[in-house]
Structures are given as structure tokens and as C-alpha cells.
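In case you want the letters, here they are:
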Amino acid sequence: MSIVQSVTCPICGCLCDDIELTIENNEVVKVKNGCAICEAKFLGYRGHHRIKTPLIRKDGKLVPVSMDEAVHAAAEVLANANYPILYGWSSTSSEAQRIGVELTEEVGGVMDNTAVVCHGPSILGVQEVGIPTCTLGQIRHRADLIIYWGCDPWSAHPRHLERYTSFAEGRFEKSEWKAYMQKLKAQAGKKKVQSATRSGLIKTQPPRASSCTLPGAPPSALSKRGRKLIVIDVRKSMSAEMADFFIQVEPNKDYELMQAIRVLIKDGELDVDKVAGVPVEYLKEVADALVNCEFGVIFFGMGLTQTAGKFRNIEVAISLVRDLNMRTKFLIMPMRGHFNVTGANVVSAWQSGYPYGVDFSLGYPRYNPGETTCMDVLIKDEHDATLVIAADPGANFPKKAVQNMVKHPLIVIDPHMNATAMLGDIVFPAAFVGIEVEGTAYRMDHVPLPLKKVVEPPEGIYSDEEILRRILEEVRIIKKQKAQQKVEAT
Amino acid sequence: MIVLTPLKTFKFPVTAECINPDVFQGKTVAEIAALPVFEGNRQKTLGELFKIEQAEGDNPSITINGDASEVRRIGYGMKTGEIVVNGNAGMHLGEKMAGGRIVVNGNAGQWTGSSMKKGLIEIHGNASDYLASPYRGSTDGMKGGKIVVDGDVGADSGCYLSGGLIKIKGSNTGQFLGYHMSDGTIHVEKNAASRLGANMTGGKIVVSGTVEEMMPTFTIDSVKPKVKIDEAETATGPFYVFLGDLAENGTGKIFASKPNNPNLKAYEKYL
Amino acid sequence: MTELLIKNGFVFDPLNKVNGEKMDIAVKNGKIVEKVNEHKAKIIDAAGLTVMPGGVDIHTHIAGGEVNTGRMVRPEDHVKDAVRKTALTRSGTGYSIPSTFVTGYRYSQMGYTTVMNPSMAPLEAKHTHEELNDIPLLDKATYPLIGDWWFVLEYLRKGDLEECARHVAWMLQTTKGYAIKIVNPGGLESWGFGRNVHSIDDQVPNFCITPREIMVGLAKVNKMLNLPHTIHLHTNNLGLPGNYTTTLDTMKALESVPSDGKPNMHITHLQFSSFGGDGWGNMRSAAEEISKYINTHSHVTADMGQVIFTDTTTMTADGPFEYTLYQLSGHKWVNSDVETETSGGIIPFHYKKNNAVNATQWSIALELALLIEDPWKIYMTTDHPNGGPFFAYPKIIAWLTSRKARMATLKKCHKKAQKKSLLPSIKRELSLYELAIVTRAGQAKALGLTNKGHLGVGADADIAIYDVNPETTDIARKYKAVRKAFGNAAYTIKDGRVVVKDGEVVQNVDGRTIWLDVQTAEPCRIDEQMKNKFREYWSVDYANYPVYDHYVKVKDPITIQASV
């Protein structure tokens, strides 16, 4: 039995790096410090859906083949393709991503990562107006106003609040955990009174909770001392339950709401009484709270990036933050999903200049989402081969994109027999990054963290890095042979 | 005049910025056929993808007969002459155009007339998203010239417009028309979608039909009987005139037809 | 390894006092040697050509979090400068912030072989090193930003210089860094709450320390650790009219640190710290005041921070300065504060000739380079990409070596800037010998890189050969030819291998990453207390903070014995 400390969790963009694992017989048996998702992954990653050998589709069925055969087949497909897509990259190491760029360049393809279906719009927004941001520790130490907009950290990034924001202890700002526990107790008391009232035990009407949802009394919660937590969403999520103030915005109206707040923080007047379902009177209170904080931050999620307005939502959110800096310190950060989607953007940018959706078909990198992302290409069926690594588009892409994807040869590299692998023509089993192989990942705030190897991968299973390197070498050999044949022919 | 006919239906994107009267000028058919293009990741010659013929008339013009919806960058940066596409045209048609005329008897792809400076683009079908809008991250919008679209236009059209005229005759536009424009004119003869003129700082958008929704960050200024579109044309109203976008301290103007927008009557109390 | 003999070139090797003599340079096993076997060695005929040590750049932002964010936010900058893949080289993009491979190629094409990445947030050091690995053909090093690091502020405030020194040594080792980088000392911590410091005696909020105390303290620490380079300083109030008084105060403050006649500070991109006037309306050059001080003192070296008239991207750890630039320009603005360490910002910026301020900035940098008499004290940089992209160096070379060239540019500048410029009164034109000092020898000397910047026996065989014949070419008159020659090296030789010929990359090799392995008598105590403090200060675990050896592809640590 051995204990490994300071393990980085390879799940979400939080990249909590304080996980303690107990290993017995090359197996993780205990997880300390992790959230429920983290525990589930470390304890359950072995599952029965693990792919055990390379597979190739023959007569409609995936059959086991040798690694050499699979590598050669994949390289043949890629070397001969006129417009291949190499997609995924968000759940692997930046070391593998580096080789990915090189391979895509070699085969003249389109390299895209899962940002295209999550925070790609954030990047487009940033390219319009920039982004005032920081690392997460800065927020822990300094932020006295925290806003989650269109995201639910309690469910999707469970330790975000505890490690980096409201419930974290900073140098200049203290944790709100105790206050929250007191609030919970008070609410539990109220609930008891309410249920007693309902069951007829008590006749009197309980006092109205100083609820923060709209419509109701003016948001007195905004004048409380200490760290304030505001949640803005279309529904009352778990995180909204915990917030000091919750604004329920009409679906697809975030853009109008933010634009209106931009006017109000400059003491401007609006010709309307309500914006996105929220009375302007309320928004003025919110604007005051924004302006009067010492250090505010907005975290945003797919509630902004994937709803009407998409990258314009992000652009305006950033513009709001930018405007707020004329009055106070205010920053903004996307809540990135996959543990190394940020790394996929980072690596792609340093090697090619562009963060995602990079098209190498002309021999140099080009970038223009709307034209060069894998989604653009798949929907129009312009590709003739696809390699998917460390992602599962078969499960989460639009139907048309998946239909077009399987029309042409599909190469899949993944530890699991996921939906995409089941559709694949050439399938490589891969070792789990951050469990069975080491590497580097970039946290949502661009802080690089080492991923550890805590157990040995199963016999004959290689890392993404190794598989890609072998395919790349094989592609080069095939291209060289073809060039030689051409010379001989003429 | 040169006539190009696609030899097949293109599956892969064809990058062909050489399809430009300035480039063809003074070249023989054989020389034109040898111009380099890309089909997917393979370099080809124009002649491998198109039948190329010399036709009557020696003015520098190009006609494409057939579907060119996968052919990108036609007329990129062209300065003179004329291109007629009898069929659909692909993305980046007439991008950075500096003169001449492009006519599409069909639909046009995204970024048509992107960052154009001068010239005329006529689209007799629909135009897709980002009509006249600049490249990612750039604020270099359309500076001059004229684009006329008989059909609808997609989202984010006319972004960062700083001069020239866009006329839309179809019944619909996408969201964010005239986004962040600073000058120039957009005339929507029928209806405009929401987030019209968001972040605009100058220029004018005239909507003769209905406005789906005004941004809350525009303020009513006045009611005007008519408004000038260009030297040749005046649109008659009456129009509500809105100023904005207040979020950018903008002084852009949106003219919204009074009879077609009864829902905007509520604003009259501020007049 | 092959032997190499470079025959009959005009050699400019200022560190060995060789001034244009016709001589041979012999190379074996990647080093300069006394002689080689002429029959076995590969011969390069350098007759009629200029031979210099490989170029050294003391300050160029080429890798790391800040640089890469700059890449990410500027697709419009890349789209105008795409670089094709070849059989030998990777593809990529420019313009102002080139991708990693393109950075390596373009430096090498100009005859550069060693470059220093001057701005690394320690928390993001792994990122910087990952990028440096992907920059081919060059030796590289990087400076961690530690002027506003909480440990430094706290130990200096306590007056515990020794403990501070041990922590700095730990930081250099941990991040694989090369020098102490200080940016707007005190200002970056203040920027954490949106504030700034405005003189070297302002108090830093919450820390009871002044910029003066930080700079003097770290200069002393630098000395205690026997670091090869001095403190590398970006001054307070950078980029603001009238800031030259702050710069003078800073230099005077450092007089108190004993230096035995040697430099104890390097002021980087001095141009941005030499503004006169009291507002943008009457902003003027203070190059005269600054150069006068430097000419009469021996403890300061500096680099130019030349402005190039082009569309570029400014990026610095000086977050408050970038915010000022945002307010001035309204362009897209990136801010990136890093917990307990530093801040940062990015703004695209177009320097224009017809803008009085920009044109004055252009003039200031040249005035400084020409008015500071001793070329060993001021080196050529653009503070890439802040003043302009590094591949504009040939232009600067022309301006420095040819009065005709700079007057031709000045003539096109804003009238007001022309009238105020000191350039018309400056006759000085750098010789090739002096040019070799400001572009390699001086920089290597200031950095304490003993194997770089010269062609003496034992030096690294990093050599640049340019198509300039000093016997037949009057470089002051033929400045266009000079520009061309220095932009396309006839040969660039890295570690004894020809990597560039006639301006084209002909061989692809990895460069090394240099860092300081500083040995203190008693190492920094990493006990439970320190680890607890670590947890308090940062949001990552202690064990995940260091740049482990496998993050560096080709390792070249230099061991330093500290005096503490």
C-alpha cells in the first residue's frame, strides 16, 4: 500500500491538485480531498468499458489487431486524406497536444478541440475586446464580490467555491463558510415552521424569508458585509440557492441585461422599466453593488456561451467588466469544463498562433471559426477522414455532424469504448492521462500543473503521446514512399 | 471576358483568390488555367477544377457558370472589372474589395464583402452571416462601396461598418445587424431582427419594416418624416429615431418605421 | 562532430578587442578552438564578409503565459503573416507575436543565437519552459518576476536580507530562472486592488514597504547570491510623461549598493523610462538628462526599447501601465494578475510616425543609444514586441550606424516631434565594432554569459556572418545594403553547425535552456511552516510548483556559489 499526495485531479478545469490517493496492488482504493466526481473517476475509471487492444472494422465489425497494423491503417487514412479533421484533445496532456499539432500540420488537416462546443465563443469574445482576468488565488485573497453567471459551480465544479472563491480563506478576504452554515440552519428552521404550518400544527403565517429571488423586497442582501455571492441564471440552480442574491434572467436575454447594466454603472438612464424580466430599479441596486465592491469577479459558463448571442454575450460581459475598472477592480474568467481544454488552446496557440479550429490545409495555419472549426466542416461534409482523441463527439455532437463524421474513415483514440469508439473504423486503446500516464494540464486560469502517474496502465496500452508519435512517424514514411513513387513514375 | 465552369461538384473547400479580374488581366487562357489554387490540402491548377473559355467582350470580366458555393475568396481584393456568378458563391466573396463589381445570381457565403473599401456587390439571393464584417479580432469593417442583397442576410452583418451602404431587401436579417458600426448606412427595407445596432457608436440604420425588438440601451430622440439613404434615395416614414448604443456612449441612429412598429409607441412618452 | 574553419572574414570580436581584422575562426565540437585540421574541416570562405559572435538579446518577450495570451487575442495580427511549412521547418504565424517555431527561425535568420525571455510569472514557469522547448535554433533563458513576490516584500520589510536571498535562490532554482526581474516594484502588488505607486518612496498598500526598499534590497540580494547578471529592472511610472525623474531617483537610489565600479542594475527598455514633460501634450525626450547621468556613473547598464513604426502588441507585467494604455487607446485590453507574485497586461498598439508622442518615443531610444557614450552600457532591443517586433532589428542597425538613415525616417515624422528631436544635432554613427558590442558582446557581458558574445578560444561556436565588406562598404551611406545584410545572415552557426545560409534555415537544431543553480551555504528551509505558508499564499500545492527537470528539453544549468 502506498499513499500519493498532491495528485492533480484530471476531471474539470479546477484541476484541484491536493488529492491524496491510496494505492494497493496497482489500484486506487481510497481518495482523500476530492469531490464526488473526482472520487468516482479515480475509483471507477477501470470499469468494463475499457478498450483492451487496437481494433479495426472488418466486414462491419471491430476486430482486434496488432498495434503496428492499427498504426499503419490510421497513417494510411490520414496521409491520403484531402481534408482530415483531428478533433478532441481536451482530456489529454499538453505533451500529446503538441504532437497533435505536428501531426495535423503534416497531414494538412483541421485541428480542433472541444472548445468548439463549450468556450469557443469565449475565445471569440476575448479576441474582440480582450479580457481582464487573473489567477484563481488572486480571487481567493482579494475578491469581495463574486458573480457566477450562467454556470452552476456547485454541480459542475464542486470545489470551486471552496478552493477559490466564497468559501476559501484569503489574505485580505475571509471565508463565508461559517456564515453560510448559519444561513442554512436558519433556513432549515424556517422550513420546519413552514411544514408545520402546512400540516396545520401552527396557524400563524411564518415571516416572509428575506428571499433574494425576484420579485420581492429590494435586495438588502447586497449591502451585507464580507464577501458577497451573486448568481445570475435562467433557473434557480444549486449554486443560486447558496447565493446572497439571485437574479433570474429571461432565457436568451443575458445580452440585454449586461448591456443595460453597462449603462447603469455609468449613471445612465434607460427608457424601459424592465430588462430581461428584471425591474430596472433592481438593476440599479445591482449596479451599485458592482461599483462599490473592492474587487469583483464574474465567472461565466455555458449559460452565456451557448445561448442566443453566443460570443457577443461574452464580449459584452467583458466590456461590462472593462467599464467597471473605471470605478473599481473587476475581473472575469470562463469556467472551463474539461481538465485540459485550456491546455489545448494554449498549445495550439503557441505552435500555430491560434487557439482552436486551426486549418493547416494550405500548408500554414489558418483560423476562422464559422469556416475552419470541425463543426463547420462536419456540418457541410467537407472532410474525408476524422481522428478523434480524448473526446466523445459521437455522444454530444449534433446528429448531422455525427452522420457526416461516420460517412468517412474514423480513427478513435480513447481509453473507453465510448459512443465515438463504437462508431470508429480504427480504434486505439489509450492509457488514462493523470492516472496511468503523467503529463501537464492547464487550469482554467492558465496555471500549468503536473499530472501524475499513480498506477501502471494495463499491459500493451500506450499513452496518447506514444500513439500519436507512432502515427506521425508512419505518416512520414508513407508520404516519403509516395513522393518516391511519383519521382519514379515521371 | 473569361467564362469558368466548374468541372465537378466540389466536396472540399476550394481556395481560389486568383479568380480576380486584376489577376486574369493580360493573361492567356493557358496562363489562367495554370494559376495555382487549393482543393482541400492539395495544390491544383485552376484548369484542373474549371473549364476555362474566352468569350466575347474584352472588358476585364469573369463569369462563373455553376455552383461555386465551396469556392472561397473569389474576387479577393479586386480593384477593377466585373465578376458574375451564375450560381451560389462561397465564403469571402469580394473580401477587401477595392473597386469593380460583383454580381451573384444565387446565394453568397459568409464574410461576403468583408472589410471592403470600394465597389459594388449585388446578391440576388440571400447573403449568409458576417456580410461586410471584418475578420476575427479586427475592427476593420466595411469602409465604402455598396452592397445590395435582394434576399435575407445572416447574423452579425455590417459589423464595424465605417462607411458605405448596405441595402437589404429580403424579409429578414440576422441578429446584431450593424454591430459596433461607427459610420455608414444600413437600409433594411423590410424587417430587422433583435439586437439591431448593438454597441453602435455612429452611422445610421433605417428599418422600413418592423424591428423585432429595440435594445434597452437606445433612447428615443424624435420622429422624422423621412430619411436620406444615399444621393439617389430617400426613405419615407414617418420614423422613430433612436440614439445609441448608450452602453458605448454612442450617437448612432436607428430609424424605425412608425406605422410598422406600433409596439414602440410606448417610447413616445419620452418625447 | 565536424570541424569548421571560417576563413578570411573581417572579424569583429569586441570582448577580445578584435576590430575588423582579417582572420580565421576554427571550430571543433561546438566550441571555438585554436586551430583545426584544414584538410578535414569544412571550410567557409568568409572573404569579404563580416564575422561576429552570434547575436545576443537581453530582453525579448518570446514565451510564456503573457506572450501566448497575446497570441490568442490577436488573430488579426497573425492572418497577415502566415509562414508555410517546409521539408525542414514547421509552419506558424507572425506578426508581432510569432509562434514559437517562427520565433526561432526569424532570430536565427538575423544571426542571433542567444535570447533572454525577460518576464515569467513564477507560478506559470512550466508554461514558459514548455514554449522555450519549442523555440528552435536558439539558446534561451528566462527571468522570474520577483519584485512583488510576497516573500520578498515580507523579508525585505523585516530587514532579513539573508533569508530573502535564500528564497530568491530557491525561486531561481525552482523556476529554472536566470535573473531577478523587477517590474514597477510595489506597483504590481498595489494593482491587485486596482491601485499603483507613483514614486519610489510611495508605500505599497498592506505591506509597509517602498519601491526604493524593494530595489535596493534585491540589488543587495543579487550581490549576496553572486548572480551573473544584475537586477533587471522595469522602472516605476514607466510610459508616463515626466517619468525621467523617477528613473533618475531610481539610479541614484542604487548608488547606495556597493558595486566596485561594476554595474549593479540593468534598466530595461530605457526609452519608456525617459519621458520629459508633464502631460501627453508637452511630452518630450529626457534622453539628455538620462544619458548625462549614465555617462558619469558606472553602476547602470540599459537597453534601448526602440519603437518601430508598425502595428504591434504591448505586453508587460506592469498591469497598471497597460490599463493606462487601454484608457488612452480604447483597444482590446488583457489584464492577467498572478496571485502573490505579479500582474500583467496586453494592449495592441500601432506606433505611427504622424503621432507626436510615438515619433518622440522613436527618437528617444536612438538619442539614448547615441548619447550614452560607452556602448558597453546600452544595448539594442525593441523590448519585443512592446516597441516593435524583433525582426525589425536591421532597421535599428541602420539608424544607429547611419545618420542618413535616421534622418530619412525623422523627415517623415510628426512636425512637433521633428522639431523637438535631438537627432539632428547628433553626428555619431556606430562602427561595426560598436555595433557588435550593442548587439552581442555588451549584452553577453552584462548577462555574465562567459561563453557567449565572443569568439575567443573556448567560447560557444555561435557565429554570425554577414554580407558586409567593411573595406569597400561605407555603412553610413549604404544603409539599405546593411539593413538587408543584417536581416539575412550569410551564415548563422549554432554550436558549430551551420543552421542558416543566405537567410534561409538549412538545419534544424534545438537550442539549450540556461538557468542558474544557485548554491547557498544554508539552503532555503522548506519545512512544514514554509509549506503551510505556501498553501496560504498560492492556490497550488508545494509539490506541484517547481519546474522539474523533464520540463527542459536541452538542459544547461550554471552553478553559482552564493555568499550566503
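Residues numbered from 1 in each chain as written. Chains lettered and ligands numbered in written order. Predicted model: local features only at pLDDT ≥ 70, side-chain atom pairs only at ≥ 80, totals over all residues. Heavy atoms only, no water.

Caption draft 1: Quick peek at the overall build of chain C. Of the regular secondary structure elements, chain C holds 18 helices and 26 strands. The globule rule puts the C-alpha radius of gyration for 564 residues at 24 Å, and the 22 Å found for chain C is close to it. Overall, chain C is about 65 × 55 × 50 Å in size when its C-alpha atoms are taken along their principal axes. Here chain C holds 564 residues, and 69% of them are scored as buried. At a minimum sequence separation of 6, the contacts of chain C that also span at least 24 residues come to 77%. Just so you have it, chain C exposes about 17,800 Å², and 48% of that area is on carbon and sulfur atoms. Between the centroid of the 64 positive side chains of chain C and the centroid of its 62 negative side chains there is a distance of 7 Å. (Helix = DSSP H or I, 4+ residues; strand = E, 2+ residues; numbered from the N terminus. Rg over C-alpha atoms; globule rule 2.2 N^0.38 Å. Buried < 20%, exposed > 50% of the residue type's maximum accessible area, 1.4 Å probe, protein only. Contact = heavy atoms within 4.5 Å. Areas by Shrake-Rupley, 256 points an atom, 1.4 Å probe, with all protein chains shown as cover. Lys, Arg positive; Asp, Glu negative; His and termini not counted. Charge placed at Lys NZ, Arg CZ, Asp CG, Glu CD.)

Caption draft 2: Representation of the sheet that holds strand 18 (residues 334-337) of chain C in the model. Strand order across the open sheet formed by 4 strands is 8(A)-18(C)-19(C)-17(C), with mixed pairing between neighbours. A single partner strand is all that each edge strand has here, and the edge strands are strand 8 (132-134) of chain A together with strand 17 (311-316) of chain C. Recorded for the sheet is a direction-independent mean angle of 20 degrees between the axes of neighbouring strands. Pairing of strand 17 of chain C with strand 19 (residues 345-350) of chain C involves 6 bridges; the strand directions are antiparallel. What sits directly across from Thr314(C), in strand 19 of chain C, is Ile347(C). Where helix 11 (residues 319-329) of chain C meets the sheet, its contacts fall on strand 17, strand 18 and strand 19 of chain C, and the angle it forms with strand 19 of chain C comes to roughly 40 degrees. (Pairing = 2+ DSSP bridges. Axes fitted to C-alpha atoms, helices over the stretch in contact; angles between N-to-C directions.)

Caption draft 3: Region of the structure containing the packing of helix 5 (residues 150-158) of chain C against helix 18 (residues 528-537) of chain C. Residue and element names in this part refer to chain C. Viewed as axis vectors pointing N to C, helix 5 and helix 18 meet at an angle of 120 degrees, and their least axial separation amounts to 12 Å. In this view, helix 5 runs oblique relative to helix 18, as classed from their interaxial angle. Taken together, the residues of helix 18 that come into contact with helix 5 (itself represented by Trp150, Phe151 and Glu154) are Met530, Lys533 and Tyr537. (Parallel < 35°, antiparallel > 145°, perpendicular 65-115°, else oblique.)

Caption draft 4: Here's a closer look at the interface of chain A and chain C. Taken together, the contact pairs 64 residues of chain A with 59 residues of chain C. Carbon and sulfur atoms make up 50% of the area that chain A and chain C hide from each other, which totals about 5,100 Å². Taken together, the links from chain A to chain C amount to 7 salt bridges. Here Asp134(C) and Arg98(A) are joined by a salt bridge, their closest N and O atoms 2.5 Å apart. At the junction of chain A with chain C, the criterion picks out 45 residue pairs in polar contact (both at pLDDT 80 or more). In terms of residue count, the dominant contributor to the side of chain A that touches chain C is helix 3 (residues 94-107) of chain A (7 residues). Of the residues in the side of chain A that touches chain C, the class split is 27 nonpolar, 19 polar and 18 charged. By the bridge criterion, 3 bridges tie strand 8 of chain A to strand 18 of chain C in an arrangement that is parallel. Across the sheet, residue Cys134(A) finds its bridge partner in strand 18 of chain C, namely Asp337(C). (Buried area = accessible area lost by both parts, 1.4 Å probe. Salt bridge = Lys/Arg side-chain N within 4 Å of Asp/Glu carboxyl O. Polar contact = N/O pair within 3.5 Å; in protein donor to acceptor, adjacent residues only side chain to side chain. Nonpolar A, V, L, I, M, F, W, Y, C, P; charged D, E, K, R; others polar.)

Caption draft 5: Representation of the side chain of Thr373(A) within the structure. All names here are of chain A. With respect to the element layout, Thr373 can be found in the loop between strand 17 (366-367) and helix 15 (374-380). You can call Thr373 buried: its relative accessible area is 4%. One polar contact links Thr373 to Asp376, side chain to side chain, over a distance of 2.8 Å. In this structure, Thr373 is in contact with Val110, Asp112, Val116, Tyr356 and Gly357, ignoring residues within four places of it in sequence.

Caption draft 6: Geometry of the sheet that holds strand 4 (residues 42-45) of chain B. Residues and elements named next belong to chain B. Here we have 4 strands laid out as an open sheet, ordered 4-3-2-7, and mixed in their pairing. For this open sheet the edge positions go to strand 4 and strand 7 (71-72), each flanked by a neighbour on one side alone. Where strand 2 (residues 14-15) and strand 3 (residues 36-39) come together, 2 bridges link them in antiparallel fashion. For Val14, the partnering residue across the bridge sits in strand 3 and is Glu39.

Caption draft 7: Focus on the packing of helix 2 (residues 67-80) of chain A against helix 19 (residues 464-489) of chain A. Residue and element names in this part refer to chain A. Contact geometry for helix 2 and helix 19: axes closest at 8 Å, N-to-C directions at 55 degrees. In terms of orientation, helix 2 and helix 19 fall into the oblique class. Seen along the crossing, helix 2 lies across helix 19 with a hand that is right-handed. Residues Met67, Asp68, Val71, His72, Ala74, Ala75, Glu76, Leu78, Ala79 and Asn80 of helix 2 lie in contact with helix 19, whose contacting residues are Ile467, Arg470, Ile471, Glu474, Val475, Ile478, Lys479 and Lys482. A per-class count over the contact of helix 2 with helix 19 returns 10 nonpolar, 2 polar and 6 charged. (Left-handed = near helix turned anticlockwise from the far one by under 90°.)

Caption draft 8: Main features of the pattern of salt bridges. Counted under the stated rule, the structure contains 84 salt bridges over all chains. For Glu20(A), the salt bridge identified is with Lys32(A), shortest N-O distance 4.0 Å. Of the two residues, Glu20(A) sits in strand 2 (residues 19-24) while Lys32(A) sits in strand 3 (residues 27-32), which places them 12 residues apart along the sequence. Taking relative accessible area as the criterion, Lys32(A) reaches 42% and is therefore assigned partly exposed. One network of salt bridges, with partners in common, ties together Lys31(C), Asp139(C), Lys452(C), Asp460(C), Asp462(C), Lys494(C), Asp495(C), Arg512(C) and Asp556(C).

Caption draft 9: Expanded view of a positive patch on the surface. All names here are of chain C. On the surface, a cluster of positive charge is contributed by Lys395, Lys404, Lys411, Lys412, Arg477, Lys478, Lys480 and Arg483. Structurally, Arg477 is set in the loop between strand 21 (463-466) and helix 17 (479-487). For Arg477, a relative accessible area of 56% corresponds to the exposed category. (Patch = residues over 30% accessible without salt bridge, like charges linked within 9 Å, V, L, I, M, F, W, Y side chains within 5 Å.)

Caption draft 10: Geometry of the nonpolar core. Counting 159 residues, the largest nonpolar core has Val168(C), Tyr178(C), Leu218(C), Leu225(C), Leu400(C) and Trp538(C) as its most contacted members. Beyond its immediate sequence surroundings of up to four residues, Trp538(C) is in contact with Arg140(A), Leu123(C), Trp149(C), Phe151(C), Met171(C), Glu339(C), Thr340(C), Glu341(C) and Tyr545(C). Leu196(B), Met200(B), Met215(B) and Tyr240(B) belong to the second largest nonpolar core, which has 119 residues in total. (Core = buried A, V, L, I, M, F, W, Y, C linked by side-chain atoms within 4.5 Å.)

Caption draft 11: Geometry of helix 5 of chain C. All names here are of chain C. Burial runs high along helix 5: 7 of the 9 residues are buried. What helix 5 keeps buried is the set Trp150, Phe151, Val152, Leu153, Glu154, Tyr155 and Leu156. Gly159 sits one or two residues past helix 5 and shows a positive phi near 80 degrees.

Caption draft 12: View of the interface of chain A and chain B. At the interface, 49 residues of chain A touch 44 residues of chain B. For the chain A and chain B pair, buried surface summed over both sides reaches about 3,700 Å², with 44% attributable to carbon and sulfur atoms. At the junction of chain A with chain B, the criterion picks out 7 salt bridges. Ionic pairing is found between Arg72(B) and Glu371(A), a salt bridge with its closest N-O pair at 3.3 Å. Applying the counting criterion to the chain A and chain B interface returns 30 residue pairs in polar contact (both at pLDDT 80 or more). Of all the secondary-structure elements, those providing two or more residues to the side of chain A that touches chain B are helix 2, helix 4 (120-129), helix 10 (254-265), helix 13 (311-324) and strand 17 of chain A. Looking at the side of chain A that touches chain B element by element, the count peaks at 6 residues for helix 10 of chain A. Looking at the side of chain A that touches chain B, its residues break down into 19 nonpolar, 12 polar and 18 charged.

Caption draft 13: Geometry of the pairing of strand 23 (residues 497-501) of chain C. All names here are of chain C. Both strand 22 (residues 491-494) and strand 23 contribute to a ladder of 4 bridges, which runs antiparallel. Within strand 23, the position partnered with Ile493 by the bridge is Val498. Hairpin connection between strand 22 and strand 23: a loop of 2 residues separates the two successive antiparallel strands, and Asp495 in this loop has a positive phi of roughly 50 degrees. Direction of pairing for strand 23 relative to strand 24 (residues 504-505): antiparallel, over a ladder of 2 bridges. Residue pairing for strand 24: Lys501 is matched across the bridge by Glu504.

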